[in-house]
Amino acid sequence: MEMDIYQMRNPFVFEKDLWRGLEDLEKWKSKYTYLHDDGEIAAIRQDYQLLLDYMEKGVKDPDREKLYDSFCQRGARVASSFYLQVLIHENASFRQAHERVVHIYFRPESVRHSLEDFVADVAMLELESPESREAKAEEIYTKHQHQLSLLFDHILVSPQWDDDEKNFYEQLLVSPTIDSRDACLLVSALMLACMNCFDVRKWLTLTVVYEKATDEALRQRAFVGWLFALYLMNNNFDSAVRVRIKELFQDPDLPTELLYFQEQYYFCVTAGRDTEQIQKDIMPGMMKNAQFQVTPTGVKEKEDDELEDILHPEAADEKMEAMEQAMSKISSMEKEGRDIYFGGFSQMKRFGFFYTLSNWFVPYYIEHPELKGVREKVGQSMFLKNLDSLGPFCDSDKYSFSLAMSSVFDRLPKEVRELVLHAELPMMGAMADVDWRSGAYLRRSYLQDLYRFFQLYSNKQDFVNPFLYHTDNEKEIGNKVIFCFPVFAETPLKSQVMPFISFLLKHHEYDIAAKVLESWESMLDPTDFHLAYGYCLHALEEDGVAYDNLIAAEALSPENHDIYKLLGEVSFDLQNWPKANDCYRRLTEWYPEKWHYTLNLAITEMEMGKYEDALQLLYQLDFEHENQPKIISELAWVLLHAQKVDEARKTYDRLFQLGHKDAEDIANYAYTFWFEGRYHEAANLFRRYLEAVKGTVDDYEDREKGFTLTKIFHDDRRLLDIYHISQQQMYAMRDLAMKQ
């Protein structure tokens, strides 16, 4: 759409420019003739003119600023109303929802009675005779689900709420007299409405439900709802939102819950990546090593191959070990919180059930009218009881599983049907050590439900997608990562910033981590900031800026070991040898057992021309860590620079006797012959070098082989200068090596 809610609300909410905001509304109204405001724009103008008249007369009014703000709030309500009208007119999902409920009057007391009567009707089913109970139950649930679906649509397209509506739904949704599943569904409707056309009163209702609900599933839906509703606003929040957020942070557990939410959100966003890993890296191996095979007539167990058992007696154990490793990897992903079932269940959302918008948000219950076929075929089986009360599946996947079972049940072998109906099957992936009633688990499950909706719903493009952002777009990151929201600045969320940074770094999300750090720079401990920011920039290959941050961190905390570990690495990459030398000298004193630090210290000594000092370190390392290829390679290289050619060649001999095949070391080995005038041996080794790098050097296939040799000679110009190798000699060796 040409018009967006930011354009319409910003003059009132963010800029506080009432006159310009009203002018913009008039322009939109004249452009879109279907927009109506019931005279509110004229009323605001009239009230504002009265304020200006009193101001011109010099009347002192201490409430003038409050009045002006109230006019802006009224203007913002008109702007949101206009935007909703545009959605209904131009957006298929909103238009269809509006058409379904436009002629229905949802009187508050009627809504309450309908929801409360349903609870009473279900309770009264116990008094029905067994013969009539099933038919009566079906009638009650069918009628109620239809009413709920209409109420869902009504909330989705309802105009801006007034205080009476807000108070009604706040009381209704936390009332113990209505079914908690109904409240969960209506909270999802509130969230979806707020996410697409922000209404501060609907948003405030979500926060109240979050605080007051006693049902944990309902509370978690409200929590996710008020957070996702903030995503739409591009950080341009009403003053009431800012005040309310400060109140919410009076709960000391909120910062930790926000951290866990953000981590769970991340695992949803990366579900596609995890699915690809499972399908490409894990499942093929599992299928290869499985003891069954899929045939046109069904799944059959593989017959034992006696010859294979004789020729390869260890093969069965190896297959079992590979299978266990694959299962362990999937189990670890699940325990970490990853959405491992998205890939499989994403193919099971084509049932008619999922073409009804509200069905995507209904908590799973077997009495749902659209599961009638499931109940008729599978009945009150152990399968359904397990599915409803155990297992790691979100509600959306439970519906998929049930509908799929109904569609294939008749084609299953008789023994399998009996197993489904009567056996207490352990659920695949059931997590015995996880409390599936906990807030964290329920929130994760609901986020997975939402992710499936926004990824798979047939008209998903009609809704703002909270899971969609690109890591190279700073604005999108800022709008989708709550740790970047300015509204959370100066709140106790600060205590969870560094734990969240650690989480991001663990998962290599350096762009996002850098953006979060930038958002909190002035509020974090300076050393923590510069060290973490330097780490992100180094990972993003921005070593110059990373170096500046690490130098700042060093000045603040000169005894911090972590700073020198990273500063040494960055200085090394920048070829700032004196600074790298200083860092690794400190690290070798602190960690004498870490031979890699001593090796890097030796390299910096060599790069600074201190060959004898480097050799002293390397001889000691070679003695203490015998046959370590990295040490031997560096020792030989320094010996070459120290003009100890014969010793360097013997050291390379020892290196290659260990089975070392590094291409660069082959070229360096060739130098030991070249510098002694043994051109034939040198040329042969350079030919071996070209074979080793074939296909790995940039442009190798597109350029002549000689380019590769010319490049390495140029890179090693300092060494060639030590042995007075001229440009003509360099080209001659290149051509000799190229000669067949």
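Predicted model, so just to flag it, every value in this text is computed and none were measured.

From N to C terminus, the protein chain includes 38 helices and 2 strands. Burial analysis of the protein chain (740 residues in total) assigns 49% to the buried set. Of the contacts made within the protein chain by residues no fewer than 6 positions apart, 66% connect residues no fewer than 24 positions apart. Carbon and sulfur atoms provide 50% of the accessible area of the protein chain, an area that totals close to 37000 Å².

This part takes up helix α26 (residues 526–539). Along its 14 residues, α26 runs 20 Å from first to last C-alpha, staying within 8% of the 20 Å computed at 1.5 Å per residue. Looking only at α26, the buried set comprises T527, F529, H530, L531, A532, Y533, G534, C536, L537 and H538. Those residues of α26 that are buried are in contact with α24 (497–506), α25 (510–520), α27 (543–556) and α28 (561–573). Capping the start of α26 is the job of one residue whose side-chain oxygen sits 3.1 Å from the backbone nitrogen of T527: D525. Backbone geometry just downstream of α26 places E541 in the positive-phi region, at approximately 65°.

So, on to the pattern of salt bridges. Summed over all chains, the structure comprises 38 salt bridges. The partner of R45 in a salt bridge is E23, and the shortest N-O contact between them spans 2.8 Å. Of this pair, R45 sits in helix α3 (residues 40–56) while E23 sits in helix α2 (residues 18–31), and the two are 22 residues apart along the sequence. E257 serves as the salt-bridge partner of R443, at 2.9 Å between the closest nitrogen and oxygen. With R443 in helix α22 (residues 439–456) and E257 in helix α13 (residues 254–269), this pair connects stretches of sequence that are 186 residues apart. Judged by relative accessible area, which is 0%, R443 ranks as buried. Salt bridges sharing partners connect three or more residues here, namely E15, D17, R20 and D24.

Taken residue by residue, α24 has V497, F500, I501, F503, L504 and L505 as its buried positions. Against α13, α25 and α26 lie the buried residues of α24. A positive phi of about 60° marks H508, the residue just after α24.

Here the focus is the packing of helix α31 (residues 611–624) against helix α32 (residues 629–641). In contact at an axis separation of 10 Å, α31 and α32 are set at 150° when each is read in the N-to-C sense. Of the possible angle classes, the one that applies to α31 and α32 is roughly antiparallel. Note that α31 runs across α32; the crossing there is left-handed. On α32, the residues that touch Y611, A614, L615, L618, Y619, L621 and D622 of α31 are I631, I632, E634, L635, V638, L639 and H641. Each residue belonging to the contact of α31 with α32 can be placed in one class, and the counts come to 11 nonpolar, 1 polar and 2 charged.

Ranked by internal contacts, the top residues of the largest apolar core, which has 150 residues, are W203, W226, F228, F361, F483, F488 and V516. Examining the composition of this core, we find that 12 residues originate from one element, helix α9 (residues 180–196), more than from any other. Core analysis: the second largest hydrophobic core is formed by 51 residues, L639, Y671, F686 and Y689 among them.

Let us look at the packing of aromatic side chains. Any aromatic ring pair is given by two values, namely how distant the centres are and how the planes are angled relative to each other. For the structure on display, the rule yields 63 aromatic pairs. Each ring, one from Y141 and one from Y365, has its centre 5.9 Å from the other, and the planes form 45°; the classification is tilted. Taken together, the residues Y141 in helix α7 (residues 130–157) and Y365 in the loop between α17 (342–345) and α18 (372–378) connect sequence positions 224 residues apart. In terms of burial, Y141 and Y365 fall into one category: buried.

Let us look at the environment of P252. With respect to the helices and strands, P252 occurs in the loop between α12 (239–248) and α13. Sequence spacing of P252 and P492 is 240 residues, and the spatial spacing of their C-alpha atoms is 8.1 Å.

Further remarks concern a nonpolar patch on the surface. Residues L50, Y54 and V59 make up a contiguous nonpolar surface patch of roughly 270 Å² in combined accessible area. Counting through the fold element by element, Y54 comes out in helix α3. Y54 sits in the partly exposed class, given a relative accessible area of 44%.

Applying the stated criterion to the full structure yields 0 disulfides. Summary of cysteine pairing: C394 is not part of a disulfide, and the nearest cysteine sulfur, belonging to C268, is at 9.0 Å.

To continue, consider the packing of α32 against helix α34 (residues 663–674). Here α32 crosses α34 at 35°, and the two axes come no closer than 11 Å. As for the relative orientation of α32 and α34, their crossing is left-handed in sense. Every residue of α34 that contacts α32 at S633, W637 and L640 is listed here: D665, N668, Y671 and T672. Tallied by class, residues from the contact of α32 with α34 come to 3 nonpolar, 3 polar and 1 charged.

Positive phi, close to 60°, is recorded for Q575, a residue that is not glycine. Tracing the sequence through the fold places Q575 in the loop between α28 and α29 (577–590). For H724, which is not a glycine, the phi torsion comes out positive at approximately 60°. Residue placement: H724 occurs in the loop between α37 (717–722) and α38 (727–738).

This part is about the side chain of D622. Following the sequence through the fold, D622 ends up in helix α31. D622 gets classed as buried once you look at its relative accessible area, which sits at 13%.

Across the protein chain, pLDDT averages 87, with 82% of residues at or above 70. Counted against residues more than four places away or in other chains, residues 292–301, with its pLDDT under 50, gives 12 contacts. Considering only residues more than four positions removed or in separate chains, one finds that residues 697–703, a stretch of pLDDT under 50, has 9 contacts.

Among the structural elements, P108 can be located in helix α6 (residues 108–124). On the basis of relative accessible area, P108 is assigned to the partly exposed category, the value being 35%. Expressed as a C-alpha distance, the spacing of P108 and F168, which sit 60 residues apart in the sequence, is 7.1 Å.

Moving on, we come to the environment of L517. The topology assignment puts L517 in helix α25. Taking the C-alpha atoms as reference points, L517 and D528, 11 residues apart in sequence, are found 9.8 Å from one another. Ignoring any residue separated from it by four or fewer positions in sequence, one finds L517 in contact with M498, I501, L524, F529, A532, Y533 and C536.

Conventions used here
Residues numbered from 1 in each chain as written. Predicted model: local features only at pLDDT ≥ 70, side-chain atom pairs only at ≥ 80, totals over all residues. Heavy atoms only, no water. Helix = DSSP H or I, 4+ residues; strand = E, 2+ residues; numbered from the N terminus. Buried < 20%, exposed > 50% of the residue type's maximum accessible area, 1.4 Å probe, protein only. Contact = heavy atoms within 4.5 Å. Areas by Shrake-Rupley, 256 points an atom, 1.4 Å probe, with all protein chains shown as cover. Expected span 1.5 Å × (residues − 1). Polar contact = N/O pair within 3.5 Å; in protein donor to acceptor, adjacent residues only side chain to side chain. Salt bridge = Lys/Arg side-chain N within 4 Å of Asp/Glu carboxyl O. Axes fitted to C-alpha atoms, helices over the stretch in contact; angles between N-to-C directions. Parallel < 35°, antiparallel > 145°, perpendicular 65-115°, else oblique. Left-handed = near helix turned anticlockwise from the far one by under 90°. Nonpolar A, V, L, I, M, F, W, Y, C, P; charged D, E, K, R; others polar. Core = buried A, V, L, I, M, F, W, Y, C linked by side-chain atoms within 4.5 Å. Phe/Tyr/Trp six-rings, centres within 6.5 Å; stacked < 30°, edge-to-face > 60°. Patch = residues over 30% accessible without salt bridge, like charges linked within 9 Å, V, L, I, M, F, W, Y side chains within 5 Å. Disulfide = S-S within 2.5 Å. pLDDT = per-residue confidence, 0-100.

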